[in-house]
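Structure at a glance
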Amino acid sequence: MAGANAPYRITGSTGDWEVVIGLEVHAQIVSESKLFSGASAVFGAEPNSHVSLVDAAMPGMLPVLNRECIRQAVRTGLALDAKVNAYSRFDRKNYFYADLPQGYQISQLYHPLVGEGEVEVLLDEKDQTSTKAIGIERIHVEQDAGKLMHDQHATMSYVDLNRCGVALMEIVSRPDMSSPTEAGAYLRKLRAILRYVGSCDGNMEEGSMRADVNVSVRKPGGELGTRTETKNVNSVRFVMAVVEHEAKRQVEVLEGGGVIVQETRLYDPDKGVTRSLRSKEDAHDYRYFPDPDLLPLELDVAFIAECRASLPELPDAKRKRYEALGIPPYNAGVLTAEVESARWFDELLDGGVEPKAAANWVASELFGALNRLGKTMATSPVSPTQAAELLALVGNGTISGSLAKQVFEIMLETGAGAAQIVEERGLKQTSDTGAIDAAVDQVLVANTDKVEQYKGGKEALFGFFVGQVMKAMAGKANPKLVNERLRARLD
Amino acid sequence: MSELTTKTIAELRDGFRAGDFSAVEVAEQFNAAVVAARSLNAFTVETPDAALAAADAADEARAGGEIRPLGGVPLGIKDLFATEDVDTTAGSKILKGFKPRYESTVSDKLRSAGAGMLGKLNMDEFAMGSSNETSAYGPAISPWQRNDGGNSALTPGGSSGGSAAAVAAGIVPGATGTDTGGSIRQPAAFTGICGIKPTYGRCSRWGIVSFASSLDQAGPLARTVRDCAILLEAMAGFDAKDSTSLELPVPPWEASLSSDLKGMRVGIPTEYRIDGVPADIDALWDRGVEWLRDAGAEPVKISLPHTKYALPTYYIIAPAEASSNLARYDGVRYGLRVDGDSGLDGMYTATRAAGFGAEVKRRIMIGTYVLSAGFYDAYFTKAQKVRTLIKQDFRNAFNDCDLILTPTAPSAAFGLGEKTDPLAMYLNDVFAVPASLAGLPAMSVPGGLDRQGLPLGLHLIGRELDEQGVLNAALAIEERAGFTARPEKWW
Amino acid sequence: MSVNTEQVRHIAKLARIAMSDAEIEALAPELNNILGWIEQLAEVNTDGVEPLTAVIDQKLRLRDDAVNDGDCRDAVLVNAPLAEHGFFAVPKVIE
Ligand SMILES: [Mg+2]
Ligand SMILES: [Zn+2]
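As a starting point, this report considers the structure included with it. (Residues numbered from 1 in each chain as written. Chains lettered and ligands numbered in written order. Predicted model: local features only at pLDDT ≥ 70, side-chain atom pairs only at ≥ 80, totals over all residues. Heavy atoms only, no water.)

**Some points on the overall build of chain A**
Per the secondary structure count, chain A includes 16 helices and 16 strands. For 491 residues, the compact-globule estimate of 2.2 N^0.38 gives 23 Å, and the C-alpha radius of gyration of chain A, at 30 Å, exceeds that figure by more than 25%. For chain A, the spread of C-alpha atoms along the principal axes amounts to about 95 × 55 × 50 Å. Burial statistics for chain A: of 491 residues in total, 55% are counted as buried. (Helix = DSSP H or I, 4+ residues; strand = E, 2+ residues; numbered from the N terminus. Rg over C-alpha atoms; globule rule 2.2 N^0.38 Å. Buried < 20%, exposed > 50% of the residue type's maximum accessible area, 1.4 Å probe, protein only.)

**Quick notes on the overall build of chain C**
Counting its secondary structure elements, chain C contains 3 helices and 2 strands. Along the chain direction, N to C, the helices and strands of chain C fall in the order α-α-α-β-β. Taken over the C-alpha trace, chain C has a radius of gyration of 22 Å; the compact-globule value for 95 residues is 12 Å, which it surpasses by more than 25%. Principal-axis analysis of the C-alpha atoms gives chain C an extent of 55 × 45 × 25 Å. Across the 95 residues of chain C, 46% fall into the buried class.

**With respect to the coordination of the magnesium ion (ligand 1)**
Residue and element names in this part refer to chain A. Distances from the magnesium ion (ligand 1) to its protein donors, E24 (OE), D212 (OD) and E229 (OE), fall at 2.1 to 2.7 Å. Spacing between the donor residues of the magnesium ion (ligand 1) along their common chain follows E-x187-D-x16-E. The distance between the magnesium ion (ligand 1) and the zinc ion (ligand 2) is 4.9 Å. Taken together, the residues span a long stretch of sequence, with E24 in strand 2 (residues 15-28) and D212 in strand 11 (residues 209-218) at a distance of 188 residues. Relative accessible area serves as the criterion here: at 16%, E24 is assigned to the buried category. (Donors = N, O, S within 2.8 Å, 3.2 Å for Na, K, Ca; no water.)

**Here's the deal with the sheet that holds strand 4 (residues 91-94) of chain A**
Strand order in the open sheet formed by 3 strands is 5-4-15 (chain A), and the pairing between neighbours is antiparallel. In this open sheet, the two strands that pair with only one neighbour each are strand 5 (104-107) and strand 15 (289-290) of chain A. Strand direction decides the pairing type here: strand 4 of chain A and strand 5 of chain A, joined by 4 bridges, are antiparallel. Note on strand 5 of chain A: the bridge partner recorded for R92 of chain A is I106 of chain A. Where helix 9 (residues 310-325) of chain B meets the sheet, its contacts fall on strand 4, strand 5 and strand 15 of chain A, and the angle it forms with strand 4 of chain A comes to roughly 60 degrees. (Pairing = 2+ DSSP bridges. Contact = heavy atoms within 4.5 Å. Axes fitted to C-alpha atoms, helices over the stretch in contact; angles between N-to-C directions.)

**Re the coordination of the zinc ion (ligand 2)**
Note on the zinc ion (ligand 2): its protein donors are H26 of chain A (NE2), E142 of chain A (OE) and E170 of chain A (OE). The metal-donor distances range over 2.0 to 2.1 Å. Positions of the donor residues of the zinc ion (ligand 2) along the chain correspond to the pattern H-x115-E-x27-E.

**Section: the interface of chain A and chain C**
Contacts between the two partners involve 57 residues from chain A, matched on the other side by 39 residues from chain C. Interface of chain A and chain C: buried area, both sides summed, is about 4200 Å²; carbon and sulfur atoms make up 58% of it. Looking only at chain A, the three residues that lose the most surface to chain C are R67, Y158 and L295 of chain A, adding up to 15% of its buried area. At the junction of chain A with chain C, the criterion picks out 2 salt bridges. Ionic pairing is found between D64 of chain C and R67 of chain A, a salt bridge with its closest N-O pair at 2.4 Å. (Buried area = accessible area lost by both parts, 1.4 Å probe. Salt bridge = Lys/Arg side-chain N within 4 Å of Asp/Glu carboxyl O.)

**Thoughts on the sheet that holds strand 1 (residues 83-84) of chain C**
The 4 strands lie next to each other as 8(A)-9(A)-2(C)-1(C), forming an open sheet whose pairing is antiparallel. Only two strands of the sheet have a single neighbouring strand rather than two, namely strand 8 (147-149) of chain A together with strand 1 of chain C. Relative to strand 2 (residues 87-91) of chain C, strand 9 (residues 156-160) of chain A runs antiparallel, the two being bridged by 4 bridges. The residue bridging S157 of chain A from the neighbouring strand is V90 of chain C, located in strand 2 of chain C.

**Concerning helix 8 (residues 279-294) of chain B**
Residue and element names in this part refer to chain B. The end-to-end C-alpha distance of helix 8 is 23 Å, a good match for the 22 Å that 16 residues give at a rise of 1.5 Å each. Where helix 8 is concerned, the buried positions are D280, I281, L284, W285, G288, V289, W291 and L292. If you follow the buried residues of helix 8, they end up packed against strand 7 (265-269), strand 8 (298-302), strand 9 (403-407), strand 10 (442-449), strand 11 (455-462) and helix 15 (467-481). One or two residues past the end of helix 8 sits G296, with phi positive at roughly 110 degrees. (Expected span 1.5 Å × (residues − 1).)

**Let's talk about the nonpolar core**
Core analysis: the largest hydrophobic core is formed by 211 residues, its most contacted members being L70, L110, F126, L292, F394 and L405 of chain B. Looking at this core element by element, the count peaks at 10 residues for helix 12 (residues 376-400) of chain B. In contact with L405 of chain B, not counting residues within four places along its chain, are V266, G267, I268, P269, W285, G288, V289, L292, L458, H459, L460 and I477 of chain B. By size, the runner-up hydrophobic cluster in this structure holds 110 residues, among which are I70, L123, I327 and A418 of chain A. (Core = buried A, V, L, I, M, F, W, Y, C linked by side-chain atoms within 4.5 Å.)

**Remarks on the interface of chain C and chain B**
The partner chain B presents 70 residues to the 53 residues of chain C that form the contact. Summing the contributions of chain C and of chain B, the shared interface buries around 5100 Å²; its carbon and sulfur component is 69%. Linking chain C to chain B there are 4 salt bridges. Ionic pairing is found between R362 of chain B and E30 of chain C, a salt bridge with its closest N-O pair at 2.7 Å. Here chain C is connected to chain B by 20 residue pairs in polar contact (both at pLDDT 80 or more). For the side of chain C that touches chain B, the secondary structure elements donating two or more residues are helix 1 (5-14), helix 2 (21-38), helix 3 (73-77) and strand 2 of chain C. If one sorts the elements of the side of chain C that touches chain B by residue count, helix 2 of chain C sits on top with 9 residues. Classifying every residue of the side of chain C that touches chain B by side-chain character gives 36 nonpolar, 7 polar and 10 charged. (Polar contact = N/O pair within 3.5 Å; in protein donor to acceptor, adjacent residues only side chain to side chain. Nonpolar A, V, L, I, M, F, W, Y, C, P; charged D, E, K, R; others polar.)

**Topic: the pairing of strand 7 (residues 131-143) of chain A**
Inspection of the sheet shows strand 6 (residues 117-122) of chain A paired to strand 7 of chain A by 6 bridges, in the antiparallel sense. Across the sheet, the residue bridging to V121 of chain A is K132 of chain A, located in strand 7 of chain A.

**With respect to helix 7 (residues 225-235) of chain B**
Because each turn of an α-helix spans 3.6 residues, side chains separated by three or four positions in sequence point in the same direction. All names here are of chain B. Counting buried residues along helix 7, 9 of its 11 residues qualify, which places the element largely inside the surrounding structure. For helix 7, every residue scored as buried is listed here: V225, D227, C228, A229, I230, L231, L232, A234 and M235. At the exit of helix 7 stands G237, carrying a positive phi of roughly 135 degrees.

**Looking at the environment of G184 of chain A**
Residues and elements named next belong to chain A. Tracing the backbone through its elements, the reader meets G184 in helix 2 (residues 180-197). Sequence spacing of G184 and G222 is 38 residues, and the spatial spacing of their C-alpha atoms is 24 Å. Ignoring sequence-local partners within four residues, the contact set of G184 consists of V236 and M240.

**Side note on the side chain of N325 of chain B**
The residue N325 of chain B is located in helix 9 in this model. Side chain to side chain, N325 of chain B and R92 of chain A meet in a polar contact 2.8 Å long. Among the polar contacts listed, one links the side chain of N325 of chain B to the backbone oxygen of F211 of chain B, at a separation of 3.0 Å. With sequence-adjacent residues up to four places away left out, N325 of chain B is seen in contact with R92, Y104 and D293 of chain A together with S210, F211, A212 and S213 of chain B.

**Considerations on unusual backbone geometry**
A cis amide bond links G158 of chain B to the next residue, S159 of chain B, at an omega of 10 degrees. In the Ramachandran plot, F126 of chain B falls in the positive-phi region, its phi being about 55 degrees despite a non-glycine side chain. Examined against the element boundaries, F126 of chain B turns out to sit in the loop between strand 3 (116-121) and helix 5 (161-169). Taking relative accessible area as the criterion, F126 of chain B reaches 0% and is therefore assigned buried. Even without a glycine there, the phi angle at H85 of chain C is positive, about 50 degrees.

**Description of the pairing of strand 11 of chain A**
Residues and elements named next belong to chain A. The buried count for strand 11 comes to 9 of 10 residues, which makes it a mostly enclosed element. Here strand 11 pairs with strand 12 (residues 228-233) via 4 bridges, running antiparallel. Along strand 12, the bridge assignment pairs A211 with V233.

**Here's the deal with the state of the cysteines**
When the sulfur atoms of two cysteines share a covalent bond, that bond is a disulfide. Residue and element names in this part refer to chain A. Enumeration over the complete set of coordinates arrives at 0 disulfides over all chains. Here C69 stays free of any disulfide, with the sulfur of C200 as its closest cysteine sulfur at 12 Å. Take C69: its relative accessible area is 0%, and that puts it in the buried class. (Disulfide = S-S within 2.5 Å.)

**Comments concerning the pattern of salt bridges**
Residues and elements named next belong to chain B. Summed over the entire model, instances satisfying the criterion amount to 72 salt bridges over all chains. D286 is the salt-bridge partner of R273, the closest N and O atoms lying 2.8 Å from each other. Taken as a pair, R273 in the loop between strand 7 and helix 8 and D286 in helix 8 lie far apart in primary sequence, 13 residues in all. For R273, a relative accessible area of 40% puts it in the partly exposed group. For R337, the salt bridge is made with D339, and the minimal N-O distance between the two is 3.7 Å. A relative accessible area of 16% means that R337 is categorised as buried. On the basis of relative accessibility, which here comes to 52%, the residue D339 falls in the exposed class.

The structure is reproduced here in structure tokens:
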């Protein structure tokens, strides 16, 4: 990948092209029940069991709005520095499809719940200056559709309405992204914020976060090209692949003298290509109009204030706080990227450890171990309290850094506490100068030749003597003292 | 045992309480009357057993000293109300055989008030019509006939035509109706009975098959004003399942009935004097003014400037909402299904072509058109703006008056098959529609017969939530009009 | 504005109602007659007038987030023209 700060270009036969990307992210709102019905919103139940008569659009059934869904969408808007609209409305988006029992989706076109906002993304973890602000155009709340299964029957498609009516937030970005990296960084950052806020679990595999990827190409600085929308892309990697593939495809079409048709496309992860969904395109005219079964939604100041007050510390604020504690920007970035690691590290800090060293230890030792064990922060075998205990032993000189590594390994295996391990295995570091002097004598006597060479100016041998003394004392000697005593004897 | 079917709801209720007769006796006589009147085609389904079961329960309860508000009173239920395990067709072929597993809030309230159900009443398909001729099950026929010696079948009006015919013929003491643009009031006027549409939001729409959500309201049809008050009290009330339901207590409308209108100002809107209205109707209107003056009210001239635009406004908004509300009839989850030639869309188009009648298709087409790309603002938005002006007209008028008196319909009942032009049919609701667009309570009360011996109704429109004012003025007219005419029994 | 048979055909497609050419031919003048009448609204000056949003002005009520519905598969499927293995079945959809 080219340096993230060098502009992304597609080089075609007629020269360079730049890419314009906007994302519409559908995020499932975390709630017990559905947006307009009291049926469970939980994923993965028996077909059509989490379905109320309202979800099945039985004649005469009516929608009643779920407060928690609105609350979570508002909190999300506030977390994205967006304008929350005290007045919003629900509109009907009319179209026929087997996964849409009402014949319309209740959504918000004319008066969305949340207006303009912004997300700052870091394009290169290694480079703290590689930031870019991606605009949020709007967030509206709407119903999810049901699920169609085409492979169950030769001539029939099966319809499961369990998902039908589950609350979604559609987070619409501005077309501010211009490379796969930016699209990926934006989606990752957005996902992180939603998970910090707790408004969406961000589980892309289960489809609780899907992106519609809008891509167009143009000659640098030229007129905006016609865009295509690749729907329901369900991983960061795929989004980046879609941008890359779709941009290349469009350049080929244009340079081949063709035109881009504004259309819906579908990504095929196996083939790594997008294909047209014209089948769905024909004669779409959604005939949006205000849903007459619902009244305008008016939020009072107290409601919005509660949403704001209930927001946790968000990634950017946390990173800045960590940096202020003396933690290097890179580590601060890594630690705050995922809500679990941030929470884990905050607990570690509560244990009174020295932040810089602690951050270092987590980023190298802990992350390394977890990778090895195929575990995550959430499933870490070592708790923040246990880690605090270990780091304290290093901090107060009870054990050396190298001993700490051993102790940590034993902690991972046995789950025992650091102090207990040090105690039982007698790993305490000694500052007994008598013992150290004895070891020093022993080493110098055994290596008279090297002592000569050292005195003859071969300074580099000093390390050798230190190593020998440490070895003689099974690594338990206080390195600082060993140095002192050696110098006293040699120089 | 006296002829119980001639009694009013108040008489049945009080007689039952007094022990003059049993609920089962009442139910049996009405069940017999229903069978005897089949030639009126007033019912889509007869439910004699349900009526008897409710009567049994009422008799038992009475024996146990418990008497519920409508104990011993059997009713007819318009086939637009979902009734648990009883066919609910909305007068349409597309819902033939549909047996919901739920009960509409309104019919459920009547049920728990002790009322029994004699059957489901015929209606215009999806309540779209003013003559009952759009019913897929053939029109209900008015028990009234012209005094010209001919016996041409007349319309009971629509869409609640079955309800009106049944009440007028005395085969049910009262019935539920729904009113979107006059569907309670016009049939009541055509058949010489009373019918009231309450303020929008008084009666829950939950479980009532939707036609036009922002206009639909349930209400009763019965022979007397008092009976309407009794039924409306049982039907109305807040329902959390309907987002447009008014969170207000139900006033004691019956107990507060009073025909003393001292201090009341009754508005007479100039714009309701239109060409082509029979002299009999204008004459009755004048008589109505005198009756109210006699009751102590002061008539005042008022202006409702946008009256002539109410119908065209209605014929944009109602079809628009209907085109969306009726999208759910797609052959997937209930009702008719016709497998077309090509896949899912083939099934949709074939099912809807076969399931909907001409008028419903016509309105779906109009509604789809006025919402479609390029026309939305010119039609739908424009109509909603005019609707605002119509609402303002009433608000202004109610500065100068407390009630408004107009004729209910521009003509008496017409013969089945006489009106073939859709527009001519629409014009029938010219006096009823403005109150619907403004969500105001309005009622039709019989005033007399025209020269053909057919009933004519007077129409009272009240302020938001002032059902009491409407009922009281209607009572004053009822007392003075001395309307006792009943149709000659020919069926 | 008036509609020609092509537009009527398009509207019928949007509304998913199969119509023969004869039906479309017959419907076009009917719709034009109605639309022509509706268009008298153009006479009304609506400058600065807000479209009506709520018939009776009241705020939208919000419901608590509780699971108190669903788990009624039988009631959901019982009226289906075709249901198999707990699913609604529709003619195969090609995506
Ligand atoms: Mg999209
Ligand atoms: Zn969406």
